Amino acid sequence: MGKRDVQICFRFRSGTPDMEQHRSSGARTPLNSALVQRRSRSKSYRLSYRSCLGAPSRLGLTPALTARRLNTSRRAPKSHNISEKVSVEQLALLLKNEWKLSYVTPLYRFRHTQMRGYSRQLSAFIAAEKHQGLAVDVEAAQGSFRASFSVIQGMTETDDDAETILIQIHSKSSFPGQDEPQRALWSGWLTCVYGNPEYLNSLPKDFTCLPLFCSSGSEVLTNAVKSWFQLTFDCCFGPLEISHTSLQWLVALWTNCHAECNIQHLKMIWSVPVMPPLQITYTVDGRDAWELWNSVRRDPQEEGEGGKDEEEETGSNIDITEVERFMQGLKGHFYRHFRLDLSAGSLKQVSTALGLAKCNGRMKISNSKYMIATLTLLTECALLKMPM
């Protein structure tokens, strides 16, 4: 027997679950006063590369994040009318694709004012790789490539965050004079949203931190772009999986938005370690998930006799204990029907009307108003994953 898939949809009514089973260019690069003398670019690159293999690098001399773990408390998501700050075309691109996530260490001597130069350099690099038979996209092997860099202004939330960078690779026709529009073959962006201020301020002067790298398109072109960044800015990339705990945070954060955006359904995919392997798709109605979430939210009055401002601040935060109680409630409803404890398994995928997140590091953002909360969590994950 092979892998089994079970899809289950719950509706919670009057406190009793009713189950149905289905088959179913003036941008800033933040600088600070800390200075580190670098002997040579080549040596710096070797040190950064070795840091990915576990050896210390010069950045390891900073406080960094070696003693930190995923935050146990974070702000409740708030609606951001980000479309007022980010251009319509750029925002549409961010919401259109499913992105593969990576972390990237700080970039040495990267400048937001050099976008045209970087575009030319990356285009030339890919052309050279193609000439060697390395970076060739099957669908555009007969043409050439043009890379473009641009700044996505309006994504920063603090003065320490660097502006988001968008990179696109287009195909160019082999026959000059043709009016055929250029096709976007690959897209990627680097961002930092609510980056850890202690770490950002500890970086040497010439480093820019954009720890979250999102890519969509040919894996060959992705590798070519990463290689160019590594050679040009003395950085390292690595895969960014979304952990079980981070997926649970997204379950809670996205459910918390239901009152304002109506998530319709909360869909989770669990993997249970039995033979043969069992994969369970667990779908909960958005309103029922919202009611369960409200039932586990702590009462600010239980935390003490603070003033009104303190109560409001407490109510605007979400604690890990609330997330755990919410997940236990969801798993408890499932256990009462099937006598199968999902705690023995692991959460592999979460999706709502706000987005989709997979444990293998795939992410799709579907709603711009709450993307800041999602990117804040992913930025934190990227900072904690990078070698220090």
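Residues numbered from 1 in each chain as written. Predicted model: local features only at pLDDT ≥ 70, side-chain atom pairs only at ≥ 80, totals over all residues. Heavy atoms only, no water.

A short note on the overall build of the chain
The helix and strand inventory of the chain stands at eleven helices and 17 strands. Across the 388 residues of the chain, 50% fall into the buried class. Entry remark: accessible area of the chain is about 19,000 Å², with carbon and sulfur atoms responsible for 47%. (Helix = DSSP H or I, 4+ residues; strand = E, 2+ residues; numbered from the N terminus. Buried < 20%, exposed > 50% of the residue type's maximum accessible area, 1.4 Å probe, protein only. Areas by Shrake-Rupley, 256 points an atom, 1.4 Å probe, with all protein chains shown as cover.)

Considering the packing of helix α6 (residues 244-256) against helix α11 (residues 371-385)
Contact pair α6 / α11: the axes reach a minimum separation of 11 Å and the direction vectors enclose 165°. Classed by the angle they form, the pair α6 and α11 counts as roughly antiparallel. Seen along the crossing, α6 lies across α11 with a hand that is right-handed. Between α6 and α11, the residues in contact are Ser246, Trp249, Leu250 and Trp254 and Thr374, Leu377 and Cys381, respectively. (Axes fitted to C-alpha atoms, helices over the stretch in contact; angles between N-to-C directions. Parallel < 35°, antiparallel > 145°, perpendicular 65-115°, else oblique. Left-handed = near helix turned anticlockwise from the far one by under 90°. Contact = heavy atoms within 4.5 Å.)

Things to note about the environment of Ser187
With respect to the helices and strands, the residue Ser187 is situated in strand β8 (residues 184-191). Classification of Ser187 as buried rests on a relative accessible area of 5%. In this structure, the C-alpha to C-alpha distance between Ser187 and Thr222, residues 35 residues apart in sequence, is 8.8 Å. Once residues within four sequence positions are removed from consideration, Ser187 is found in contact with Leu93, Trp99, Ile167, Gln168, Cys214, Ser215 and Ser216.

Let's talk about α6
Between its terminal C-alpha atoms α6 stretches 19 Å, which fits the 18 Å expected from 13 residues at 1.5 Å a residue. For α6, the tally of buried residues reaches eleven of 13 residues, placing the bulk of the element in the interior. What α6 keeps buried is the set Ser246, Leu247, Gln248, Trp249, Leu250, Val251, Ala252, Leu253, Trp254, Thr255 and Asn256. (Expected span 1.5 Å × (residues − 1).)

Details of the pattern of salt bridges
Under the defined criterion, the tally for this structure stands at seven salt bridges. The partner of Lys358 in a salt bridge is Glu98, and the shortest N-O contact between them spans 3.8 Å. A residue pair is termed long-range when its members are at least 10 positions apart, and Lys358 in strand β16 (residues 355-358) and Glu98 in the loop between α2 (88-96) and β4 (99-104) qualify at 260 residues. A residue is classified by how much of its surface remains accessible, and Glu98, at 29% relative accessible area, is partly exposed. With its nearest N and O atoms 3.8 Å apart, the salt bridge here joins Arg109 to Asp206. Here Arg109 is found in the loop between β5 (107-108) and α3 (115-131), whereas its partner Asp206 is found in the loop between α4 (197-202) and β9 (207-208), with 97 residues between them in sequence. Looking at Asp206, the relative accessible area reads 22%, which means it is partly exposed. When salt bridges with common partners are traced through the structure, they connect Arg109, Arg111 and Asp206 into a single cluster. (Salt bridge = Lys/Arg side-chain N within 4 Å of Asp/Glu carboxyl O.)

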